[in-house]
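Residues per chain are reported as follows:
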Amino acid sequence: MTLLIRGGTVVNHDHTRRADVLIEGGTIVAVGAKLDAPAGAEVIDAGGAYVLPGGIDPHTHLDMPFMGTYSADDFESGTTAAVAGGTTMVVDFCLPGPGQSLLAAYQEWRHKGEKAVADYSLHMAITWWDKQVFDEMETVVKTYGINTFKHFLAYKGALMVNDDELFHSFSRCAGLGALPLVHAENGDIVFRLQQHYFDLGVTGPEGHSYSRPPEVEGEATNRAIMIADMAGSPLYVVHTSCRESHEAIARARAAGKRVFGEPLIQHLVLDDREYQSKDWDYAARRVMSPPFRDRSHQASLWAGLQSGSLQVVATDHCAFTTDQKRFGLGDFRKIPNGTGGLEDRLPVLWDAGVNTGRLTPEEFVAVTSTNIARILNIYPRKGAVAVGSDADLVVWDPEATKTVSAKTQKSRIDYNVFEGYRCRGLPAVTISRGRVVYRDGAVSAKPGDGQYVERPAFPAVHVANATWKDLTRPRGVERLEVTP
Ligand code: URP
Ligand code: ZN
Ligand code: ZN
Ligand code: ZN
């Protein structure tokens with residue numbers, strides 16, 4: 001299958017130029033001015049449009065067992081929403097149950113992924129700890145091509161792990177050349193605050209937000225950074241939602257630590273006034289962890305993306321229907337945590353970021369695709385419009401407009417937290433490994449078209465960390481013999 005994208009402006013994270021893009025067999029084979037269309041090639045006219053690397057969303061929960069239910073978007077509907085929004089790859093979280101083998105959980109999640117219409121990869125969560133987990137981590141990295149391990153510092157009594165387990169797991173990551181990820185909220189304090197507000201009679205969705213203040217996220221981020229440093233591993237902080245957490249990451253980076261931060265599109269544009277709605281459903285639909293914050297935090301997150309102290313914009317797409325949210329009527333602690341965004345991340349970020357001048361188109365490409373491809377060690381196969389890269393591309397029309405609406409979305413849920421948001425700048429065509437998968441509002445990819453993407457370990461980062469740690473470690477003092 002041969003495809004020529006003609007007349008567009010190619011935007012990579014580091015340069016922009018007018019160029020045609022020629023694709024053969026799923027791979028980009030030429031990028032240059034006035035390329036000839038080979039016989040039989042399909043030609044896509046990208047005049048007036050940008051040609052961007054497809055979005056990569058490194059944080060989704062499709063078909064996730066959580067809080068007594070399953071998230072409503074599975075790999076089919078989730079990746080369908082993704083390609084409709086210009087995202088050509090997602091990375092989902094494989095979550096072993098209590099005492100479950102990581103290898104068995106991996107097989108379960110690969111089975112879920114068979115329905116994906118776009119490429120997907122997996123992070124492995126460490127939800128418990130013993131020698132079996134330690135041993136299986138090696139197979140996960142070396143055989144399954146998973147170089148990231150997720151740790152929840154929240155969800156006490158469910159997914160949460162303690163500091164001792166974190167230290168063991170981060171040390172194991174360092175030894176294997178893997179990158180630990182953390183959900184940074186102090187789960188013990190959240191648990192107490194939930195009880196506190198519930199006892200005071202705050203039973204509605206606002207109690208969710210009150211019991212997870214920025215301070216608990218800031219503390220957990222600082223703690224995870226310290227533990228990673230002691231263990232000699234890099235660290236990636238998912239859903240960085242507040243100034244406290246961003247400042248911890250910025251401080252660590254200024255001190256030379258390899259620490260990364262990931263704001264969500266939700267936290268960049270939505271805020272905690274939503275939880276004050278008189279409409280219970282409206283407020284509950286916006287319950288996620290960390291919760292939406294006071295608006296003042298948004299400036300810090302945007303500044304982090306602009307200055308490079310935060311690197312990636314994700315969605316944490318974990319969609320529950322209104323009926324599922326109603327499990328928590330009368331007790332906010334039972335509202336399934338999560339919101340959607342896979343179809344909306346690129347259009348909303350373009351509108352709120354590029355149209356306002358907060359981000360250049362190149363910076364937009366960096367935070368939606370290239371940076372995470374590099375962090376996950378799949379660059380330049382993914383994350384670049386370059387010869388030899390997978391032909392995962394978006395023809396981006398900067399003048400096209402739409403108003404976000406649940407009525408027209410691909411996600412299975414019955415609402416959208418961005419409802420009514422007016423976007424200027426939309427994907428016109430999405431291409432996945434050389435095939436048109438979205439055009440004119442319709443997704444043509446089928447379940448099973450998505451491939452599993454293996455991600456090798458990062459030896460160079462860990463050799464550097466280990467070399468520096470060894471050079472600078474405290475050493476025992478050689479003393480003169482004590483004479484009696
Ligand atoms: O509320 C959220 N974020 N739900 C998904 C699980 C998680 O913590 O990422
Ligand atoms: Zn299967
Ligand atoms: Zn989380
Ligand atoms: Zn998540």
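Please refer to the structure higher up on the page.
This report concerns the structure included in the present document. Per chain, residues are indexed from 1 in the order of the written sequence. Key to labels: chains lettered from A, ligands numbered from 1, both in the order written. Only residues with pLDDT of 70 or above have their local features reported here, since the model is predicted, and side-chain atom pairs are shown and tallied only from 80 upward, although totals for entire chains, interfaces and linings are computed over all residues.

A closer look at the site of ligand 1
Argument step 1. Throughout this description, a residue near a molecule or strand is one whose C-beta atom, derived from the backbone, lies within 6 Å of it. Neighbouring residues of ligand 1: His61, His183, Met288, Ser289, Asp316, Cys318, Asn337 and Gly338.
Argument step 2. Split by residue class, the shell around ligand 1 holds two nonpolar, five polar and one charged. Classification convention: Asp, Glu, Lys, Arg as charged; Ala, Val, Leu, Ile, Met, Phe, Trp, Tyr, Cys, Pro as nonpolar; all other residues, Gly among them, as polar.

Focus on unusual backbone geometry
Argument step 1. Cis geometry marks the peptide bond from serine 289 to proline 290; its omega dihedral reads -10°.
Argument step 2. Numbering of helices and strands runs from the N terminus; a helix is a DSSP stretch of H or I covering at least four residues, while a strand is a stretch of E covering at least two. Position of proline 290 among the secondary structure elements: in the loop between α10 (280-284) and α11 (296-307).
Argument step 3. Residue proline 380 is bonded to the preceding tyrosine 379 through a cis peptide linkage, with omega at 0°.
Argument step 4. Within the element layout of this structure, proline 380 appears in the loop between α14 (361-375) and β17 (393-403).
Argument step 5. The phi angle at tyrosine 155 is positive, at roughly 65°, despite the residue not being glycine.
Argument step 6. Counting other C-beta atoms within 10 Å of a residue's own tells you its class, since 20 or more makes it buried, 12 or fewer makes it exposed, and anything in between is partly exposed; those C-beta atoms are placed from the backbone. Accessibility expressed as a C-beta count within 10 Å gives 19 for tyrosine 155, which makes it partly exposed.
Argument step 7. Positive phi, close to 55°, is recorded for aspartate 316, a residue that is not glycine.

Considerations on the pairing of strand β4 (residues 20-24)
Along any regular strand the residues' side chains alternate between the sheet's two faces.
Argument step 1. Among the five residues of β4, four are classified as buried, and the element is accordingly described as predominantly covered.
Argument step 2. Pairing between strands is defined by DSSP: at least two bridges between them are needed. Judged from the four bridges that link them, strand β1 (residues 2-6) and β4 form a sheet pairing that is antiparallel. Bridging from a neighbouring strand, leucine 4 pairs with leucine 22 of β4.
Argument step 3. Relative to strand β5 (residues 27-32), β4 runs antiparallel, the two sharing five bridges.

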